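Take a look at the letters that make up each chain.
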Amino acid sequence: MNKNFLALGLAAALLAPQVAGAEGFAINEWSAEGVAMGGARMFAEDDAANVAYNPASITKVKGEVMKSSYTYLSPHGNYKLYDGAGKEIEDGKNVVHAGWAVGSYYVRQINDKEWFGIGAFPRFAMVSEFERASKASTNAFFSKLNGVSVTPTYAHKFDKKWSAAVGAEINYVGLELQKNLQMKMPVETPVGTKIATIDGTTQIEGESYALGWNAAANYAFDDKNEIGVVYRSRIKHSLEADLKGYNTKPDLMGGGDVFGNAYGVVTLPDSWDIGYNHKFDKKTRLELKATRTNWSTYDALNVYFDKSLVGIPGIAESFPSAKNWESGWRYAIGLEHNLSDKYTVMAGFAFDESSIPYDGGDFIVPTGLRRTYSIGARYNDKKQTVAVALGWMDVGNLDFAGHATDAYKSAHAYDSFTKIASISYQRKF
């Protein structure tokens, strides 16, 4: 093996720019072929992106391959806000803030039994934005989570039926949250207690690194039928961030800005993937996949400050926000058909359950049930592969309650969807 190719592969996997986003939290768009098949892509032949979809299937790679994938996601949605009497007080939509999910992969066959792979791809990410003057901005004006997982992986093929893999996960998150602050609170003055209004803008921005792991196994019943399972561990982030509060002091004290530090703990959920692959013949195969994500680990998003946000000790030194999400399932089906030795077409469908309860919803992730429809095509020769895919994600509706500091009592997100376009390129050495 050429050592320069190995060095190039590691550099591509580790240094590729990673920016991901959509009005969702979990990202499954790790390659154009994966997008085309609805994420049901656990048993692909000679595909370096198996590092992401099913590490045990990197044993299907022959020789040495590198792959890069770029997926464009464009979220759209509408909402209505209501007061305590159920009267509509605002009708608006999100600011279209598209993002990219970038994946880089390298796989090398060491010998007939052993493989090494490494990938850099986003497992969790989102971006959402609303008009600064809207009442929705008191809950979340701008929210962004950039995430990337780097996964060095070792896989072993025991025999014709069994293969398994284990890997580490180095997980990075960069978080930015902005919101308008509208609060009324009692303030002691020389002439007695008065109600002061706090009207300002807050920004929290920080990043964190944490470690996790994954394991996978495949079993082939025969030449046509195969099953696989993948487990990814939960990852706990202790996030330290910069706090900026603009004009956040009560009107009785005069305007003022606050700069300090913020701290919070967030646990990204563990998950199980279970897949089944059936080859009808040498040209056509079908994949089924079910993913169980333990979203119940996302029980709260509590942020604590090292100083009072409003300039009054003991007041507004934290933003407690209970989430109490429920664990849920994602189901996917993907079909792949070879038109010839060089051309392949693919199609897929995926259904995501909503894990967000009424009291745990917000404008950071305003999504309900998700249905994704996708198609794609691939060209390949002996050395390279190019694939493209298009998808449409129907995000569905979501109702959720307002919080004490929000300028509304309840919200209804509706007519939400995300446009998806993806391209991948793979090179063999």
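Residues numbered from 1 in each chain as written. Predicted model: local features only at pLDDT ≥ 70, side-chain atom pairs only at ≥ 80, totals over all residues. Heavy atoms only, no water.

K.L.:
Even after reading the chapter, I still don't get the overall build of the protein chain, so can you show me in this structure?
P.N.:
Helix and strand content of the protein chain: three helices and 20 strands. Burial status across the protein chain gives 56% buried among its 429 residues. Within the protein chain, counting contacts between residues at least 6 apart in sequence, those at least 24 apart form 69% of the total. A total accessible area of about 18,400 Å² is found for the protein chain, and carbon and sulfur atoms account for 57% of it. (Helix = DSSP H or I, 4+ residues; strand = E, 2+ residues; numbered from the N terminus. Buried < 20%, exposed > 50% of the residue type's maximum accessible area, 1.4 Å probe, protein only. Contact = heavy atoms within 4.5 Å. Areas by Shrake-Rupley, 256 points an atom, 1.4 Å probe, with all protein chains shown as cover.)

K.L.:
Sorry if this is basic, but what is going on with a positive patch on the surface here?
P.N.:
A cluster of basic side chains, namely Lys62, Lys113, Lys157 and Lys160, defines a positive patch on the protein surface. By the secondary structure assignment, Lys62 is in the loop between α3 (50–53) and β1 (64–82). (Patch = residues over 30% accessible without salt bridge, like charges linked within 9 Å, V, L, I, M, F, W, Y side chains within 5 Å. Salt bridge = Lys/Arg side-chain N within 4 Å of Asp/Glu carboxyl O. Lys, Arg positive; Asp, Glu negative; His and termini not counted. Charge placed at Lys NZ, Arg CZ, Asp CG, Glu CD.)

K.L.:
I keep staring at the pairing of strand β20 (residues 410–428) and nothing clicks. Help me out?
P.N.:
Regular strands show a simple pattern: their side chains alternate between the two faces of the sheet. Pairing between β1 and β20: 17 bridges, direction antiparallel. Each bridged residue has a counterpart across the sheet, and for Pro75 the counterpart in β20 is Thr418. Two elements, strand β19 (residues 384–401) and β20, share 16 bridges in a ladder whose sense is antiparallel. The partner of Thr385 across the bridge, within β20, is Gln426. (Pairing = 2+ DSSP bridges.)

K.L.:
Would you mind going over empty space enclosed by the protein with me for this structure?
P.N.:
To find the voids left in a structure, one rolls a probe of water-molecule size over its atoms. Considering all chains together, one arrives at seven cavities of 30 Å³ or more under this definition. The volume enclosed by the largest cavity comes to roughly 390 Å³. The wall of the largest cavity is formed by 28 residues, among which Ala26, Thr293, Trp295, Asp352 and Arg370 lie closest to the centre. Elements supplying a minimum of two residues to the lining of the largest cavity: β12 (271–279), β13 (284–293) and β16 (328–338). Split into classes, the residues belonging to the lining of the largest cavity amount to 10 nonpolar, 10 polar and eight charged. Looking at the second largest cavity, its volume works out to about 200 Å³. If you go around the second largest cavity, you meet 14 residues; those closest to its centre are Phe25, Leu145, Leu175, Val266 and Leu301. When contributions to the lining of the second largest cavity are tallied by element, the ones reaching two or more residues are β7 (162–189), β10 (235–246) and β11 (258–268). The dominant element in the lining of the second largest cavity, judged by the number of residues it contributes, is β7, at three residues. (1 Å grid on protein atoms, 1.4 Å probe; cavity = no way out; pocket = protein on both sides within 12 Å on 5 of 7 lines; lining within 4 Å. Points joined across faces, edges and corners; volume = space filled by probe spheres on them. Nonpolar A, V, L, I, M, F, W, Y, C, P; charged D, E, K, R; others polar.)

K.L.:
Where do I start with the layout of surface pockets in this structure?
P.N.:
By volume, the largest pocket is sized at about 710 Å³. Taken together, 30 residues line the largest pocket, and the ones lying closest to its centre are Glu45, Asp46, Asn338, Arg378 and Asn380. Where the lining of the largest pocket is concerned, the elements lending two or more residues are β13, β16, β18 (370–380), β19 and β20. With three residues, the single largest contributor to the lining of the largest pocket is β16. Grouping the constituent residues of the lining of the largest pocket by class yields one nonpolar, nine polar and 20 charged.

K.L.:
Looking at this structure, how should I read the pattern of salt bridges?
P.N.:
When their charged atoms lie close together, side chains carrying opposite charge are able to pair. Within the structure shown, the criterion is met by 18 salt bridges. As a salt-bridge pair, Glu287 and Arg285 come within 2.6 Å of each other at their nearest N and O atoms. Given the relative accessible area of 8%, Arg285 is considered buried. Linking Arg370 and Asp352 is a salt bridge whose minimum nitrogen-to-oxygen distance equals 4.0 Å. With Arg370 in strand β18 and Asp352 in strand β17 (residues 343–352), this residue pair connects regions lying 18 residues apart in the sequence. Owing to a relative accessible area of 11%, Arg370 belongs among the buried residues under this scheme.

K.L.:
Explain the environment of Phe142 to me, please; I cannot follow it from the model alone.
P.N.:
Considering the arrangement of structural elements, one finds Phe142 in strand β6 (residues 142–157). A relative accessible area of 9% means that Phe142 is categorised as buried.

K.L.:
Hey, could you run me through the packing of aromatic side chains in this one?
P.N.:
The description of two aromatic rings rests on the distance between their centres and on the angle between their planes. Tallying each qualifying case throughout the model produces 20 aromatic pairs. Summarising the aromatic geometry, the rings of Tyr172 and Tyr209 are spaced 5.0 Å apart at their centres and angled 50 degrees between planes, so their arrangement reads as tilted. Residue Tyr172 is located in strand β7, and its partner Tyr209 is located in strand β8 (residues 192–220); the two are separated by 37 residues in the primary sequence. Here Tyr209 falls in the exposed class, since its relative accessible area comes to 58%. Where Tyr231 meets Trp272, the ring centres are 4.7 Å apart and the plane angle is 50 degrees; that geometry is what we call tilted. With Tyr231 in strand β9 (residues 225–232) and Trp272 in strand β12, the pair connects residues that are 41 residues apart, well separated along the chain. Given the relative accessible area of 16%, Tyr231 is considered buried. We classify Trp272 as partly exposed; its relative accessible area is 42%. A connected cluster of aromatic rings, assembled from ring pairs, spans Tyr79, Phe130, Phe363, Phe400 and Tyr408. (Phe/Tyr/Trp six-rings, centres within 6.5 Å; stacked < 30°, edge-to-face > 60°.)

K.L.:
Sorry if this is basic, but what is going on with the side chain of Thr71 here?
P.N.:
Position of Thr71 relative to the elements: it lies in strand β1. We classify Thr71 as buried; its relative accessible area is 0%. Once you skip the residues sitting within four places of it in the chain, Thr71 turns out to touch Glu29, Val35, Gly99, Trp100, Ala101, Ile420, Ala421 and Ser422.

K.L.:
So what exactly am I meant to see when it comes to the nonpolar core here?
P.N.:
Within soluble globular proteins, side chains that are nonpolar generally end up buried alongside one another. Within the largest apolar cluster, 34 residues are counted, with the highest numbers of intra-cluster contacts made by Trp30, Ile58, Tyr105, Val107 and Trp115. At the level of secondary structure, the elements contributing two or more residues to this core comprise α2 (32–36), α3, β1, β3 (99–109), β4 (114–121) and β19. Per-element accounting of this core gives the leading share, four residues, to β19. Apart from the residues lying within four places of it in its own chain, the contact partners of Val107 are Ala48, Val51, Ile58, Val61, Gly63, Glu64, Val65, Trp115, Phe116 and Gly117. Membership of the second largest hydrophobic core comes to 31 residues, among which are Met126, Leu239, Leu268 and Tyr408. (Core = buried A, V, L, I, M, F, W, Y, C linked by side-chain atoms within 4.5 Å.)

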